[in-house]
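Summary of structural features
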Amino acid sequence: MNEIIAHLAENLKYYRAKRGLSQRELAKLAGVNRPHLTSIESGAVDNTSLKTVEKLATALGVNALDLLNPLE
């Protein structure tokens, strides 16, 4: 798995859990479909658009780079 995809998967799960959101809730807030979100969180997606990353970041209240960089 690509390193950035792995960070995105890990960070999405982390921030979603931190905010107490289900995948369904986050998908709805971000305007993406839940199966796609599930694929991103599992690392099964080879790529996703920056637009989708931005939507997810906005819904989580974080910067898009927070989803792509390693958790500190």
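Residues numbered from 1 in each chain as written. Predicted model: local features only at pLDDT ≥ 70, side-chain atom pairs only at ≥ 80, totals over all residues. Heavy atoms only, no water.

The next thing to look at is the packing of helix H1 (residues 3–18) against helix H3 (residues 34–42). The contact between H1 and H3 brings their axes to 6 Å, and the two run at 115 degrees. Taking contact as the criterion, the partners of Leu8, Ala9, Leu12, Lys13 and Arg16 in H1 are, on H3, Leu37, Ile40 and Glu41. Tallied by class, the residues present in the contact of H1 with H3 amount to five nonpolar, no polar and three charged. (Axes fitted to C-alpha atoms, helices over the stretch in contact; angles between N-to-C directions. Helix = DSSP H or I, 4+ residues; strand = E, 2+ residues; numbered from the N terminus. Contact = heavy atoms within 4.5 Å. Nonpolar A, V, L, I, M, F, W, Y, C, P; charged D, E, K, R; others polar.)

This paragraph deals with the side chain of Glu41. With respect to the helices and strands, the residue Glu41 is situated in helix H3. Residue class for Glu41 comes out buried when judged on its relative accessible area of 3%. Among the polar contacts made by the side chain of Glu41, one reaches the side chain of Arg16 at a distance of 2.7 Å. Not counting residues up to four positions away in its chain, the partners in contact with Glu41 are Ala9, Leu12, Lys13, Arg16 and Gln23. (Buried < 20%, exposed > 50% of the residue type's maximum accessible area, 1.4 Å probe, protein only. Polar contact = N/O pair within 3.5 Å; in protein donor to acceptor, adjacent residues only side chain to side chain.)

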